[in-house]
Every structure is written in C-alpha cells, then in structure tokens.
Amino acid sequence: MSSGTRPELYDFHGVQMTRSYTDMWERVQGFQARPDDILIATYPKAGTTWVSCILDLLYFGQTDPERQTSIPIHDRVPFLEMNMSNPEKDIKYFGIDLADKLTTKPRILKTHYPVQFVPKSFWEQNCKIVYVARNAKDNMVSYYHFDRMNQLQPATGEWSDYFQRFLVGKMNWGSWYDHVNGWWQKKRNYSNLHYMFFEDLVENTGLEIDKLSRFLGLSVTPEIRQQITGQVQFDQMKNNAMTNYSTLGDAMDFKVSPFMRKGKVGDWKNHFTVAQNEEFDQDYEQKMKDATLQFRTVV
Ligand code: PPS
C-alpha cells in the first residue's frame with residue numbers, strides 16, 4: 001500500500017474485510033489457545049482498549065507495574081488477526097507472532113472477529129472470553145472518526161455515505177448488527193463468555209470491574225478496584241503513550257482525530273441529522289429483533 005491510498009473492502013466468507021486482517025487467516029485459525037488464555041472480542045470502537053487495560057491491570061498491575069509504563073497496550077494484548085507491514089508508515093505489526101511469543105500467564109488477546117471466525121481452539125479449551133458491545137449510534141460515530149484518521153482503514157467518504165454503509169454492514173469486520181447479535185447468541189450455549197456494555201463502563205467503571213473480576217475468578221480488594229478505576233479514566237489513558245496508540249507508527253493522524261477521542265455516550269447527537277435518526281431507528285427495529293439484547297444511547 002503506497003502512501004495516500006486506502007485499502008479496499010472485499011467479501012471474506014460473507015463478511016466485509018480488508019486484507020491486512022485476512023492475510024494470516026490460516027495461521028490465526030490454527031492458533032493454539034491454552035485453557036487460561038483470555039480473549040477480548042469486540043466490534044471495532046466498542047471499548048477494546050479500555051477493557052484491555054482493565055484486564056492487564058487486574059492480572060499484572062500489582063505484580064509487574066513496570067509493564068504499564070513500558071509496553072504499549074497493543075503489544076501487551078496482541079491483536080490476533082492484524083498483519084501489517086508498512087515501512088512508509090513505520091508500521092510492523094504481526095499479531096499472531098506477538099501472541100505466540102507472549103510469556104504472560106494468562107495471555108490476554110484481542111480480536112474484532114465476528115463469532116463464527118474465532119479460532120476453534122478457544123472453544124475447545126473453554127477459554128474465558130470478554131465481549132464488549134457499544135450502542136450502534138455511538139459506535140458508528142467513533143468508527144467514522146477512526147477511519148478518517150487511520151490510513152490503514154478504508155476511506156470514509158462523506159458522513160452521509162458512511163452512515164449508509166454502516167447500515168448495510170460495509171465496514172471492516174462487517175455488520176455491527178450481525179456482530180453484536182452473533183456474540184449475544186453464543187452466550188446461550190457458551191457459559192465462559194462475559195458480555196458487557198461500553199455504556200455501563202461509562203456509568204460505573206468500578207461496578208463493571210467487580211463483575212469482570214467475578215467472571216475471571218479474581219478477588220480484588222476495594223482499594224485495588226479504586227486504583228484501577230483511576231488508572232483507566234479517559235484522561236489518564238489519553239495522556240498515556242502506552243495506551244493512546246501514539247506508538248503504532250504514523251498510520252494514524254492524530255491531527256485529524258485522536259484515538260482517545262471523547263469517550264462519551266451520546267456523541268451521536270452531534271452527528272446524526274433528524275432524518276438520519278429516524279431512518280436509523282426504523283432500520284434498527286427491523287434488524288434487532290431479539291428483545292433480550294438492549295442498548296442504551298444515553299446514560
Ligand atoms: S479499537 O481501535 O477498535 O481497538 O478501538 P476501541 O478501543 O474499541 O474503542 C475506542 C473508543 O473507546 C473510547 N475509550 C474510552 N472511553 C472512555 N473511557 C476510557 N478509559 C476509554 N478508553 C477508550 C475511545 O475514546 C473511543 O471512543 P470515541 O467515542 O471515539 O472517543
């Protein structure tokens with residue numbers, strides 16, 4: 001990929017993807033998960049980095065505090081399917097190699113795959129999986145700004161075009177609707193899956209840390225919970241080079257938009273027109289038939 005050009009989406013087993021995330025398909029599918037591995041799965045921009053930091057702190061914050069200030073989060077929590085080498089952008093990132101080389105116990109790993117793409121060893125080993133979901137309106141807005149600033153993502157076009165593309169799932173990693181529903185259904189027959197919401201994290205981070213700890217079987221004192229809550233506040237993470245993605249080469253133009261942008265619920269109101277909101281809501285009702293899966297677009 002030469003500078004200034006953006007990758008194209010293509011149909012990959014029924015999901016829109018770019019090649020940087022499918023080139024290593026065979027190796028990713030053959031990944032040997034271990035029983036204590038923990039997988040963080042999300043649709044892009046749903047709170048992956050936030051939850052990655054929380055898990056890293058829960059497991060290693062007390063025993064190895066150094067890693068918080070010396071290893072970028074994208075290396076502490078490898079992004080399984082990302083395969084990127086772009087000398088012009090000073091990028092070299094091979095998620096599957098990073099995962100294979102991880103020496104931590106447990107290994108904490110990240111994926112944006114829809115549920116049907118997850119390597120089978122995670123299921124066979126009964127690994128703990130944390131899925132983070134974010135309401136579609138804010139998710140779309142966050143993804144739009146990310147795609148504007150990230151040269152490794154397909155071009156956005158105008159907001160109105162992007163809005164339409166989101167509704168039909170022409171996004172990298174496919175349809176938000178399929179993603180959140182697919183993972184939600186998985187919860188019914190796979191009990192080692194913790195499904196959580198970005199909006200709940202915003203509303204009460206400490207409570208979500210408690211729930212996560214219970215799911216992971218960790219006992220966390222109120223003091224440590226409070227400490228972690230402080231360490232993962234938006235401004236802390238935004239100002240920390242190890243968590244704000246300033247370490248991932250220069251594919252991301254922070255002058256266009258920062259990675260840690262607003263971290264809010266409800267920013268969609270600053271982007272959606274009244275007509276778009278109506279169209280969105282009608283379409284949403286058609287697609288989101290499962291009444292047990294409810295999102296909040298305000299808190
Ligand atoms: S990625 O690229 O898919 O891994 O992005 P991801 O980390 O999933 O999502 C980025 C959005 O999460 C927000 N974020 C936070 N919000 C509040 N508090 C904290 N600590 C936090 N950390 C990350 C980040 O700002 C992005 O959302 P927007 O709405 O764009 O600000």
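As shown above, the structure is provided for reference.
Only a predicted model underlies this, so the values are computations on that prediction, with no experimental measurement involved.

Asks: How do you make sense of the site of the ligand when you look at a structure like this?
Replies: The immediate surroundings of the ligand are formed by 22 residues, with Thr-48, Thr-49, Ser-142, Lys-262 and Gly-263 found nearest. In the environment of the ligand, an oxygen atom lies 2.7 Å from a nitrogen or oxygen atom belonging to the backbone of Gly-263. Out of a free accessible area of 640 Å², the ligand has 97% covered by protein chains. In a pocket analysis with a 2 Å cut-off to the grid points, the ligand is assigned to the largest pocket. Ranked by the residues each element gives to the shell around the ligand, the list is headed by helix α2 (residues 48–60), at three residues. A class-by-class count of the residues in the shell around the ligand yields ten nonpolar, seven polar and five charged.

Asks: How do you make sense of the side chain of Thr-243 when you look at a structure like this?
Replies: For Thr-243, the position within the fold is in the loop between α13 (234–238) and α14 (274–287). Of note is the side chain of Thr-243, whose polar atom sits 2.7 Å from the backbone oxygen of Met-237. Residues within four places of Thr-243 in sequence aside, it is in contact with Thr-49, Cys-53, Ile-73, Arg-76, Gln-236, Met-237 and Met-260.

Asks: Looking at this model, I keep getting lost on the packing of α2 against helix α11 (residues 205–216). Mind explaining?
Replies: Helix-helix packing is described using two parameters, namely the angle between the two axes and the distance between the axes. Here α2 crosses α11 at 60°, and the two axes come no closer than 11 Å. Considering the angle they form, α2 stands oblique to α11. For the pair α2 and α11, the sense of crossing is right-handed. Listed contacts from α11 to Trp-50, Ile-54, Leu-55, Leu-58 and Tyr-59 of α2 are Thr-205, Ile-209, Leu-212, Ser-213 and Leu-216. A class-by-class count of the residues in the contact of α2 with α11 yields eight nonpolar, two polar and no charged.

Criteria and cut-off values
- Residues numbered from 1 in each chain as written.
- Predicted model: local features only at pLDDT ≥ 70, side-chain atom pairs only at ≥ 80, totals over all residues.
- Heavy atoms only, no water.
- Near = heavy atom within 4 Å.
- Polar contact = N/O pair within 3.5 Å; in protein donor to acceptor, adjacent residues only side chain to side chain.
- Areas by Shrake-Rupley, 256 points an atom, 1.4 Å probe, with all protein chains shown as cover.
- 1 Å grid on protein atoms, 1.4 Å probe; cavity = no way out; pocket = protein on both sides within 12 Å on 5 of 7 lines; lining within 4 Å.
- Sits in = over half its atoms within 2 Å of the grid points.
- Helix = DSSP H or I, 4+ residues; strand = E, 2+ residues; numbered from the N terminus.
- Nonpolar A, V, L, I, M, F, W, Y, C, P; charged D, E, K, R; others polar.
- Contact = heavy atoms within 4.5 Å.
- Axes fitted to C-alpha atoms, helices over the stretch in contact; angles between N-to-C directions.
- Parallel < 35°, antiparallel > 145°, perpendicular 65-115°, else oblique.
- Left-handed = near helix turned anticlockwise from the far one by under 90°.

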